[in-house]
Structure formats: structure tokens, C-alpha cells
Amino acid sequence: MSWFVHFPLICILLSLLTAAVSIILPEKYARYLTLALLFSVVALSACTLYYDAAIATEAVTYRTGRSGAVWGTELRFSIVEPLTALAFALSMLLCLIGGKTQLTVDVSSHQHGRFYAATSLVLSALLALIYTNDLFIGYVFVEVCTLASCGLMMIKSRGGSATAAMRYMIFSLLGSGLVLLGVALLYDSTGQWLMPNIRIALSALHQTGLYQVPLSITVSLITLGVAIKSGLFPFHYWMPDAYGCATPVASGILAGLVPKAYIFFLIKIIYRVIGRTLFYAAGAADILFVLGCAAIIAGALSAIRENDISRMIACSVAAQIGYVFLGIGIATEWGMDAELFHIYFHALTKPALFLAAAQLSAVSGGSHVFRDLQGSAHRNKLAGVVFTVGAVSMVGLPGLMGFISKAMFATAALSAGNKTFVILIILCVSTVLNAVYFLRTVVRIYTPAPAADPLNVPVKAQPAFAVSGILFVLCNFAIGLHPQPVIDLIVTGLHRFG
Amino acid sequence: MNRRAEAIKESLRRWDADQIDLTEETARYQPQDVRMLSDTDKALWAPRPIRRMEQFELRSFQGLYWVMSVVTCAGLIAALLFAMASLRDTPAGTPLIQLGGLMISFQEAAVIFLFAIGFTTLLLHRNLVKKIIGFNIMNSAIGLFLFSMGAGGSLRPPLAESVAPQMGRSGPLPGGLALASLAVSVLVTALMLTLTLRLYRKYHTLNIDEICMHAQSERKV
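Heads up: these notes are all about the structure in this document.

Cut-offs and rules
Residues numbered from 1 in each chain as written. Chains lettered and ligands numbered in written order. Predicted model: local features only at pLDDT ≥ 70, side-chain atom pairs only at ≥ 80, totals over all residues. Heavy atoms only, no water. Helix = DSSP H or I, 4+ residues; strand = E, 2+ residues; numbered from the N terminus. Contact = heavy atoms within 4.5 Å. Areas by Shrake-Rupley, 256 points an atom, 1.4 Å probe, with all protein chains shown as cover. Axes fitted to C-alpha atoms, helices over the stretch in contact; angles between N-to-C directions. Parallel < 35°, antiparallel > 145°, perpendicular 65-115°, else oblique. Left-handed = near helix turned anticlockwise from the far one by under 90°. Nonpolar A, V, L, I, M, F, W, Y, C, P; charged D, E, K, R; others polar. Core = buried A, V, L, I, M, F, W, Y, C linked by side-chain atoms within 4.5 Å. Buried < 20%, exposed > 50% of the residue type's maximum accessible area, 1.4 Å probe, protein only. Phe/Tyr/Trp six-rings, centres within 6.5 Å; stacked < 30°, edge-to-face > 60°. Lys NZ or Arg CZ within 6 Å of the ring centre and 35° of its normal. Buried area = accessible area lost by both parts, 1.4 Å probe. Salt bridge = Lys/Arg side-chain N within 4 Å of Asp/Glu carboxyl O. Polar contact = N/O pair within 3.5 Å; in protein donor to acceptor, adjacent residues only side chain to side chain. Pairing = 2+ DSSP bridges. Patch = residues over 30% accessible without salt bridge, like charges linked within 9 Å, V, L, I, M, F, W, Y side chains within 5 Å. Expected span 1.5 Å × (residues − 1). Lys, Arg positive; Asp, Glu negative; His and termini not counted. Disulfide = S-S within 2.5 Å.

### Focus on the overall build of chain B
Helix and strand content of chain B: nine helices and two strands. Sequence-ordered secondary structure for chain B, helices as α and strands as β, is α-α-α-α-α-β-β-α-α-α-α. Contacts in chain B between residues at least 24 apart in sequence constitute 58% of all its contacts with a sequence separation of at least 6. Surface accessibility of chain B: about 12,800 Å² in total, with carbon and sulfur atoms responsible for 63%.

### Re the packing of helix α3 (residues 80–98) of chain A against helix α5 (residues 112–131) of chain A
All names here are of chain A. At their nearest, the axes of α3 and α5 sit 9 Å apart, and the two run at 165° to each other. By the criterion of interaxial angle, the relationship of α3 to α5 is roughly antiparallel. Relative to α5, the crossing made by α3 is right-handed. Facing α3, whose interface residues are E81, P82, T84, A85, F88, M92 and L96, α5 presents F115, Y116, T119, V122, L123, L126, L127, I130 and Y131. When grouped by side-chain class, the residues that make up the contact of α3 with α5 number 13 nonpolar, two polar and one charged.

### A word on unusual backbone geometry
In terms of backbone geometry, most residues other than glycine have negative phi values and most peptide bonds are trans. Residue and element names in this part refer to chain A. Cis geometry marks the peptide bond from F233 to P234, where omega comes out at 0°. Note on placement: P234 falls in the loop between α9 (212–230) and α10 (239–245). Phi is positive for A331, close to 65°, though the residue is something other than glycine. Within the secondary structure, A331 sits in the loop between α15 (309–330) and α16 (333–362).

### Things to note about the nonpolar core
Residues A:L135, A:Y243, A:I328, A:F387 and B:F115 are the most contacted members of the largest nonpolar core, which totals 228 residues. When sequence neighbours within four positions are dropped, the list of residues in contact with A:L135 reads A:V183, A:L186, A:W193, A:M195, A:I198, A:F265, A:I269 and A:V273.

### Some thoughts on the packing of aromatic side chains
Each aromatic ring pair is described using two quantities: the centre-to-centre distance and the angle formed by the ring planes. Inspection of the entire model under this criterion finds 17 aromatic pairs over all chains. For the pair A:F264 and A:F497, a centre-to-centre distance of 5.8 Å together with 70° between the ring planes defines the contact as edge-to-face. Residue A:F264 is found in helix α12 (residues 258–274), and its partner A:F497 is found in helix α23 (residues 484–497); the two are separated by 233 residues along the sequence. One exposure class covers both A:F264 and A:F497, and it is buried. Cluster of aromatic residues (ring-pair linked, three or more members): A:W3, A:F4, A:F7 and A:Y51. The ring of A:Y262 has A:K229 lying over it, and the distance from NZ or CZ to the ring centre is 5.1 Å. Across from the ring centre of B:Y65, 3.9 Å away, lies the NZ or CZ of B:R126, which sits over that ring.

### Regarding the interface of chain B and chain A
If you look at the interface, chain B gives 52 residues, while chain A gives 40 residues. Carbon and sulfur atoms supply 78% of the area buried between chain B and chain A, which totals about 4,200 Å² over both sides. Counting across the chain B and chain A interface gives zero salt bridges. Between the two partners, chain B and chain A, sit one residue pair in polar contact (both at pLDDT 80 or more). Only α2 (22–27), α5 (52–85), α6 (106–124), α7 (128–150), α8 (172–203) and α9 (208–220) of chain B provide two or more residues apiece to the side of chain B that touches chain A. By residue number, the principal contributor to the side of chain B that touches chain A is α8(B), which donates 17 residues. Residue classes in the side of chain B that touches chain A are distributed as 37 nonpolar, five polar and 10 charged.

### Looking at the pairing of strand β2 (residues 73–77) of chain A
Residue and element names in this part refer to chain A. Burial analysis of β2 places four of its five residues in the buried class, the great majority of the element. Relative to β2, strand β1 (residues 60–64) runs antiparallel, the two being bridged by five bridges. In the sheet register, T64 faces β2, and the bridge partner there is T73.

### Some points on the packing of helix α19 (residues 381–395) of chain A against helix α20 (residues 401–414) of chain A
Residues and elements named next belong to chain A. Where α19 meets α20, the axes come as close as 6 Å, and the angle between the chain directions of the two elements is 10°. It follows that α19 is roughly parallel to α20 by the angle criterion. Between α19, through S393, M394 and V395, and α20, the contact on the second element is made entirely by M401, G402, F403 and K406. The residue makeup of the contact of α19 with α20, split by class, is four nonpolar, two polar and one charged.

### Focus: the side chain of A:S124
Assignment of secondary structure puts A:S124 in helix α5. What A:S124 contacts, discounting residues up to four positions off in sequence, is A:I12, A:S15, A:L16 and A:F141.

### Topic: a nonpolar patch on the surface
Taken together, the side chains of A:I10, A:L14, A:L17 and A:V21 define a hydrophobic patch exposed on the protein surface, amounting to about 300 Å² of accessible area. Topologically, A:L17 is positioned in helix α1 (residues 7–22).

### Overview of α3(A)
Given a rise of 1.5 Å per residue, 19 residues ought to cover 27 Å, and the 27 Å separating the end C-alpha atoms of α3(A) matches this to within 8%. The buried fraction of α3(A) amounts to 17 of the 19 residues, a majority that puts the element mostly inside the structure.

### Observations concerning the environment of A:S405
Residue and element names in this part refer to chain A. Tracing the sequence through the fold places S405 in helix α20. Given the relative accessible area of 1%, S405 is considered buried. In the structure, S405 is positioned 48 residues away from A357 in sequence and 23 Å away in space, judged by C-alpha atoms. Non-local contacts of S405, meaning those with residues more than four positions away in its chain, are made with F341, H342 and F345. Of note is the side chain of S405, whose polar atom sits 2.7 Å from the side chain of H342.

### Here's the deal with the side chain of A:K406
Residue and element names in this part refer to chain A. With respect to the secondary-structure elements, K406 resides in helix α20. No salt bridge is formed by the buried K406, whose closest oppositely charged neighbour, E339, lies at an N-O distance of 16 Å. Not counting residues within four places of it along the chain, the set of residues in contact with K406 comprises Y323, M394, V395, G396, L427, S430, T431 and N434.

### With respect to the environment of A:G292
All names here are of chain A. Within the element layout of this structure, G292 appears in helix α14 (residues 284–305). Given a relative accessible area of 0%, G292 falls into the buried group. Sequence-wise, G292 and P196 are 96 residues apart; in three dimensions their C-alpha atoms are separated by 29 Å. With residues near it in sequence (within four places) discarded, G292 still touches L232, G322, F325 and L326.

### Topic: the pattern of salt bridges
When the charged atoms of two side chains with opposite charge come close together, those side chains can pair. All names here are of chain A. Throughout the structure, instances matching the rule amount to nine salt bridges over all chains. For the salt bridge of R311 with E306, the shortest nitrogen-to-oxygen distance reads 3.2 Å. On the basis of relative accessible area, R311 is assigned to the buried category, the value being 8%. With a relative accessible area of 18%, E306 lands in the buried category. Within the structure, one salt-bridge network assembled from shared partners comprises R167, D241, E306 and R311.

### Observations concerning the state of the cysteines
Here a disulfide denotes one covalent bond, and it connects the sulfur atoms of two cysteines. All names here are of chain A. Scanning the entire structure with this criterion turns up zero disulfides over all chains. In this structure C145 is a free cysteine whose sulfur lies 12 Å from that of C150, the closest cysteine sulfur available. C315 takes part in no disulfide bond, and the closest cysteine sulfur, belonging to C245, lies 12 Å away. Classification of C315 by relative accessible area gives buried; the value is 3%.

Written as C-alpha cells, this is what we have:
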């Protein structure tokens, strides 16, 4: 079983290789290759998870190359990393399967190879961000992820995708600039790139009480950079355009996975580089707490104002990012658990919503506007069911993943000292606002359309969408009804994470 | 000749109706083909003129951008000065300058000012090309910062040690990293210029506010 430790590196290399190959392959083979890659990443991540959870007793440090210490680069994984990789790869796989038809409509056929190459590149960047133990490699893959995401966004060359991609790039570059400067400052003050080495140097510095101001500024730069990149309030204005304009597969990947990978990298920096004590001492957690609360409310309010289904889902991403940062801001072990669970919940729900919304608008004459979507759930029954399950899960109905996530946040709130009441109030308000915009949509799509409407013809669900939609729904119910194994993995994993 | 003009008009019509791939279609025509269109035809597919109210909004934002730029730039410079000044308690042979009571090396002062200027330009300048230039200034500043760390390392030179043992060796890692971040910035610049070209072809302007207004009004239609 000890050869299971090679799997993370193999996953990263395989995705890079697939990206290079699929760009020259014909459309069909590029698709098969990418699907095969995703299947193998899911399988290999599951094996790594099994090894780490059942056999290994501590985190594995995997050194690449023969030179160690200062010069080499490292991967490090315990339970949380393969679990995240598994969730991300599974979500991406289901997304690619389900969005096939919409992809052929949105992207011209000679561009498909490039689309799959960008998808594999995003996957490689996500995996590298999840597994790496080297700060500079982390930065490089943050940039790879940004570039590949921009490719995914602008490949649909119609609509406002170029404008959306431009705004996305501007904000992403501001974020990466700050992250790179922060990382360079860390290197300047410690002389190390590997996370554990920086941690040793920083805790020594922290104990002497010297350099508190530069360290706080460095921590703030990195946190601010990641916050801008993942679209935390008030940097979320590009989101509705970017996620609403892209093809549904790309929207699912970009909204559900990419910002979460940046946040995962930030969590890693908090645990392994800066140390939680120093992070909380720098006051970054409190700022994130306030911004997270504001993001939840602002995201929900802008979603209520939207009149277009994909843009509404995109606005709700801003609110969910708020939850994730709220989890960091709570500054306790429970908050971190809730936040990680929320990342998985969101990665497995949001793509389903985007795919179902695309199917619903396809049977409404291609319109995304609520008025035209009336009765669409009767025309495409399966898409209606998938959308409804995703929506009520987002609202937090018991029996689904969303409820567990909210319950975990509420539990975390109880041990959060003076933040308890704020968190509970925000949770209540946000649940009501979520219900307003998601249930309004559900009611709208189930309201029968006038009989005279020429579009009013039932359509059979496409088999590809049926497979992925049903699997998304099953995942949601399975983890919603039996959350304990996942929660146990997260709790044990976070103990070994630091 | 006339059929060619008709073909262009047809593709412009389809472009308007969002039925075609912009990059494919524009590659088929040369600039002289477009010149064959009459002025009325050209006016038909020019972007919608910006209304007076929107022009007023655009103008009134100008002053705000100035204020915001100054605030952002000054804030960044102050924060970075505090972050970098105290890192050099023992100067490694580099000349130091005094800025507001803080001692700092020339290179780092340059890094701070360049980074702040680049960041502010990328964030708040309205012109897309200048935004890209701002991004390049910002990234070059960080490259310079990484590069300056490589000088005067304490490693031993492998061959020259016997002849000049006191020399030391500059660290190879920061240079390599600066190169990596340079490669990233070249890629990003290429991508951003492509996007700018695409947007300019469609909206005939480089002002990001105007482009966003056009995109918004398209969506409403």
C-alpha cells in the first residue's frame, strides 16, 4: 500500500500531460481523454484518501527530486487534501458529463480541444494548490489557474463573455500581485520557500516579539489577495457577469471549484505557514468575519434583484464565498470544520444548479429570464427536480447537505464568544433571503405556462444530463442523510493538517 | 464587388444577433472590405452612442477616480514602507536612504513606489492598455524585489572558493523565481492584449466604463 503515496504527484502530472495532448486531438478524443483523466483522478484520490485515513497515522511528506530541505519542492497530504481533491474531481467529472449538449451549442467544434485543455489545466492547478507544500509553487499554480479559468470563460465567444473575462482578469491580477508580494516578503524575512521551514522561522520571530508590523502587513497582503481573487465582498462585482455569461460547464467549474481552491490554499497558509495564533493576532480573522457577514447579505440581496437565472445563481456564489470566509473568521476549530464542509457542499451543489438552469432555459427558447422560464420544469421534468433539490439544499432543508453545513455553522457559533449572536442572526437572515430568491425561482418554473405557448411541449431529458443530475442529487442526499463519516474525516484531517 | 459588401453586411447582421463566432468571422475580411460599406451601413453596426445621462455619469466618476487613486497609492506606499523598512536592521552593503524616519534601501524604495503605481493603475485607470502597462509595472516591481534578494548570499562558490573565498555566491533561487514571475506576466499580458483587441473591435473604445455600459445595454436588449 505504500506506493499509494505516489498518487497525488501522478494525478498532477497526468492532468498537465492531458492538457498538452488534448489541445491537438480531435473533439471526440479530447473529450474521452479528459473524462478518462477525471475518472482516474477520482479513483487515485479515493485510494490516497483510504491510505491516509485507514493506514497512515500522520501526514505524508512527499519530496520530489533528490535535494531536500531548502532546494527541493514538496507535496504534503493527510486526510483533508485527498478528500478535497476527490470532491473537486468528482464535481468536475459530473459537470463535464452533464454539460455536453450545452457545450456543443455554446462553443464551436474546432474550439473543443482548447476547452478540454483548459479544463485539464484548471484541474492540474487545483490539485497542485491542494497538495503543494511549497509557497512559490503555490503562487505559480494560482496564476495557472487564473489563466486557464479565463480561457474557460472566454471560449464562448458570444454574449458579453469578453467583457466579463476582462473584468475577471483585472481583479484576479490585482489579487495575484498582492499574493506574490506577500509571498516574496515572507521569503525575504525567512529565506525559505517550504511551508514548514517558514513556520519554524516565523514562530521564532513571533516569540522574540520583533518585526510584528511587517509580519502583520505580510499576512494582510496574502489574505487580501486571496479574498480579491475568490470574490469576497466588496470585490464581487465581476461575478454575475463572469459566471453568468460562460457556458454552464465552465460556470460550474469556475463558481464551484476555482475560488474554493484559492481559499484552500489560504487555509493551508494559515495552518502551515503563518500559524493560527499569529493569523488571529494580526487581526485578519476579524476583518474576514466582518467581510464574510457583509458578503452573505450583499450576495443574497443582489441575487434577489436579478431577473436572469444564471446571473442569480452567480450572485448566490458571492453569498456562499461569504460563508466560507465567515468560517475562517470565527477563529475556532469548529469554524474551520464548518467552512471545509461548506466548500464540499458548494462544490457538489452549485454545478448542478448551473447545469439544470441551462437545461431549463434550453426548453424555454434559450432565454434565461424568469418570465420565459415559467412552466419549464413541466417541459423538462428531470431538470426541474435537479434544480429544486439544489435550491432547497442551498436554502438548508433538513436531509440535504446544505442543512448540515448551516447546522455546523450554528454549532461553531455557540463556541465563538462574542460573535455568537451575530453569526446566528446572519444565518437566520441569510436563510430567509436564500428562500426568497431560490424558492421564488422554483415556484416560477413549476407554474404552468399558458396553454397557447408554442414552447409548451414536454422534452425528454438528455441521457448525459440525466446521469450527472441524478448523481449530483444522490450525492446531496447521501451526505445530507449520513454526514458523520465526512465530518469525522474533516475533524481528524484538520488535526493532522497543521 | 457588391456581393462582397452584401456578405459583410450579412455577417455583421448575424454578429449583431449573436449568432456567429467573432474571431472566425473577422479573420475572413480585410480592412478594405469594410471600407466598401456605405456610411449608413457602417453607422448601423457601430456601437450604440452613449446617452447624455451616461456621459454625465462617466464624467462625474473621473474626479472620484483621481481621489481613489491618490488614496490607494498613498496607502499602499505607507503599508509597504512599514513592511520593508524594518526588515533591514543590518544593511547588507546596500546604500540606505531615509524616508519619513524609516531607513530603507534604494532597491526596496523603488519596489514600493513601482508596485504602488502599477497596482493603482491596474485597479483604477480606465484605459485598458494603460491597465496592462500598470500590471507590467507591478509585476516588474516584484521581480526586482525577488532579484534584489539574490545578491550577496552566504553560499560558497563551488570553483572559485580556493582563489577568492571571501566573495560568496549570489543565490540562484531568487533570480529563477523572478524569471518565473516574468514568464507568467508575459503570458498574462498576451492574454489581456488579445481580450483588449477583441473588445476594441466590438465597441470601438478602450475605456472600460464605456465597454461595461455597452455590454450592459446589450444584455437589456
